[in-house]
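# Tertiary structure, described
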Amino acid sequence: MFQSMPLWPPRASTLANNVDALYIFLIVVSALMSFAIFIMVIFFAVRYRRQPGRRAEQIDGSHALEITWSIIPFCVFMVFFGWGARIYFQERKPPQDSAEIYTVAKQWMWKFEHMEGQREINELHVPVGRDVKMIMTSQDVIHSFFVPAFRIKQDVLPGRYTVAWFHPTKAGTYHLFCAEYCGTSHSGMVGSVVVMEPKDYEAWMGGGGTQPLAVTGQQLFAQLGCATCHRQDTQGRGPNLVGIYNKPVLLEDGRTVVADDNYIRESILQPAAKVVNGFKPLMPTFQGQISDEQLNALVAYVKSLSQASGQTGGKSMAAATAQPQM
Ligand code: CUA
């Protein structure tokens with residue numbers, strides 16, 4: 001109906017309908033309330049206007065009335081809150097077996113890397129019907145990953161990973177924007193997400209001869225000498241990294257942290273920040289010595305060490321598309 005003047009961006013993810021439903025509910029409630037207030041303002045202005053010979057009556061208060069007008073709005077607001085919180089948690093928590101895409105934002109472009117090793121700039125190809133988790137970082141300033149058709153927006157920060165996820169429901173090409181002012185060409189920091197039918201996606205994926213991200217990471221791991229201390233056979237000078245991903249780690253100072261993407265990243269750049277219990281802070285920092293892409297590859301490799309043992313490591317899109325459809 002609104003083909004020439006769309007009120008909404010296309011709805012192309014599972015989140016889109018939920019977000020729109022809440023948005024419409026908010027608009028309808030606000031419109032009804034505004035309407036009721038306008039009607040009452042006009043009604044009271046006419047009904048209680050100044051008339052010769054009529055004196056105003058003082059009312060000292062009515063508990064029943066005050067309680068009513070507190071409880072009803074409270075309940076309405078709690079509906080906003082409960083509904084909003086439900087969508088928020090859904091949007092914040094990527095499903096367990098999501099395919100992962102490493103993203104590096106920089107002035108002024110988006111760089112994507114699939115677990116299979118395919119790299120893309122300002123364009124991201126994903127199949128329909130797959131949970132996709134974006135693991136994002138910035139090389140310089142704060143950017144924001146915004147795909148209106150999926151109803152997701154997530155700040156992308158330097159020095160750490162942030163995560164967003166979506167489940168595309170419709171093939172097509174959708175706008176990708178940077179939604180955080182990041183300098184001169186901020187408005188040009190746009191791209192597209194191309195959602196393809198699984199069959200087309202496989203054909204696209206089969207196109208380039210690339211090596212998986214985790215393999216690149218493994219080569220770097222050997223090249224940078226990580227493997228001399230982080231041994232898998234006997235106990236080395238550093239912790240054995242097999243099976244650690246997403247597992248709790250006991251630290252020297254008695255704290256426990258979960259070995260997630262951000263922990264692995266931090267341990268490479270600032271090894272002394274959170275030393276594992278029983279180890280010495282011997283590891284040199286790799287801050288400034290490896291690029292964000294290399295860092296992503298190393299993180300992907302460490303995660304793959306957990307996948308092999310049947311744990312939750314980084315998932316590739318191909319592993320995903322091969323899974324039976326529900
Ligand atoms: Cu990047 Cu605005």
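Residues numbered from 1 in each chain as written. Predicted model: local features only at pLDDT ≥ 70, side-chain atom pairs only at ≥ 80, totals over all residues. Heavy atoms only, no water.

### Side note on the environment of Val 29
- On the secondary structure map, Val 29 appears in helix α1 (residues 14-47).
- Look at Val 29 and you get buried, because its relative accessible area is 18%.
- The spacing of Val 29 and Tyr 102 is 73 residues in sequence and 40 Å in space, taken between C-alpha atoms.
- Aside from chain neighbours lying at most four places away, what touches Val 29 is Val 76 and Phe 80. (Helix = DSSP H or I, 4+ residues; strand = E, 2+ residues; numbered from the N terminus. Buried < 20%, exposed > 50% of the residue type's maximum accessible area, 1.4 Å probe, protein only. Contact = heavy atoms within 4.5 Å.)

### Observations regarding the packing of helix α6 (residues 261-269) against helix α7 (residues 292-307)
- Viewed as axis vectors pointing N to C, α6 and α7 meet at an angle of 120 degrees, and their least axial separation amounts to 10 Å. As the angle between them shows, α6 and α7 are arranged oblique. For α6 against α7, the interelement crossing comes out right-handed. Residues Asp 261, Ile 264, Arg 265, Ile 268 and Leu 269 of α6 touch α7, and the partners they reach there are Asp 292, Leu 295, Leu 298, Val 299, Val 302 and Lys 303.
- Tallied by class, the residues present in the contact of α6 with α7 amount to 7 nonpolar, no polar and 4 charged. (Axes fitted to C-alpha atoms, helices over the stretch in contact; angles between N-to-C directions. Parallel < 35°, antiparallel > 145°, perpendicular 65-115°, else oblique. Left-handed = near helix turned anticlockwise from the far one by under 90°. Nonpolar A, V, L, I, M, F, W, Y, C, P; charged D, E, K, R; others polar.)

### What about α1?
- Between its terminal C-alpha atoms α1 stretches 50 Å, which fits the 50 Å expected from 34 residues at 1.5 Å a residue.
- Within α1 the residues assigned to the buried category are Leu 15, Ala 16, Asp 20, Leu 22 and Val 29.
- Buried residues in α1 make contact with α2 (63-92), β7 (152-156) and β8 (162-166). (Expected span 1.5 Å × (residues − 1).)

### Here we look at the layout of surface pockets
- Roughly 680 Å³ of volume is contained in the largest pocket.
- Of all the secondary-structure elements, those providing two or more residues to the lining of the largest pocket are α5 (226-229), α6 and α7.
- With 4 residues, α6 is the single largest residue contributor to the lining of the largest pocket.
- Split into classes, the residues belonging to the lining of the largest pocket amount to 22 nonpolar, 5 polar and 3 charged. (1 Å grid on protein atoms, 1.4 Å probe; cavity = no way out; pocket = protein on both sides within 12 Å on 5 of 7 lines; lining within 4 Å. Points joined across faces, edges and corners; volume = space filled by probe spheres on them.)

### A few points about the domain arrangement of the protein
- If you check the domain split of the protein, you get domain 1 (8-43 + 62-210) and domain 2 (213-308).
- In this structure, domain 1 and domain 2 have C-alpha centres spaced 31 Å apart.
- Facing 18 residues of domain 1, the contacting portion of domain 2 comprises 13 residues.
- Here domain 1 meets domain 2 over a buried area of about 1,300 Å², counting both sides, of which 46% is carbon and sulfur. (Domains from an automatic or database assignment. Buried area = accessible area lost by both parts, 1.4 Å probe.)

### Remarks on the side chain of Glu 293
- Examined against the element boundaries, Glu 293 turns out to sit in helix α7.
- The class for Glu 293 is buried, based on a relative accessible area of 16%.
- Those residues within four positions of Glu 293 in sequence are excluded, and the remaining contacts are Val 104, Lys 111, Glu 113, Arg 119 and Gln 139.

### With respect to the environment of Val 195
- With respect to the helices and strands, the residue Val 195 is situated in strand β10 (residues 191-196).
- When the C-alpha atoms of Val 195 and Gly 172 are compared, they prove to be 5.2 Å apart, with 23 residues separating the residues in sequence.
- Setting aside its immediate chain neighbours within four residues, Val 195 contacts Val 126, Pro 127, Val 128, Phe 150, Pro 168, Lys 170, Ala 171, Gly 172 and Tyr 174.

### Let's talk about a nonpolar patch on the surface
- A cluster of nonpolar residues, Met 5, Leu 7, Trp 8, Tyr 23, Ile 24, Ile 27, Val 28 and Leu 32, forms a patch on the protein surface that exposes about 780 Å² of accessible area.
- Here Ile 27 is to be found in helix α1.
- Judged by its relative accessible area of 42%, Ile 27 falls in the partly exposed class. (Patch = residues over 30% accessible without salt bridge, like charges linked within 9 Å, V, L, I, M, F, W, Y side chains within 5 Å. Areas by Shrake-Rupley, 256 points an atom, 1.4 Å probe, with all protein chains shown as cover. Salt bridge = Lys/Arg side-chain N within 4 Å of Asp/Glu carboxyl O.)

### Points about the pattern of salt bridges
- A full pass over the atoms with the stated rule returns 11 salt bridges.
- One salt bridge in this structure joins Asp 97 and Arg 130, with 4.0 Å as the shortest N-O distance. You can see Asp 97 sitting in the loop between α2 and β1 (99-106) and its partner Arg 130 sitting in the loop between β4 (123-127) and β5 (132-138), a full 33 residues away along the chain.
- Of the residues examined, Asp 97 reaches a relative accessible area of 28% and is grouped as partly exposed.
- For Arg 130, a relative accessible area of 8% translates into the label buried.
- In this structure, Arg 119 and Glu 113 form a salt bridge, with 3.5 Å as the shortest nitrogen-oxygen distance.
- A residue is classified by how much of its surface remains accessible, and Arg 119, at 56% relative accessible area, is exposed.
- The network of salt bridges with shared partners includes Glu 100, Lys 133, Asp 261 and Lys 303.

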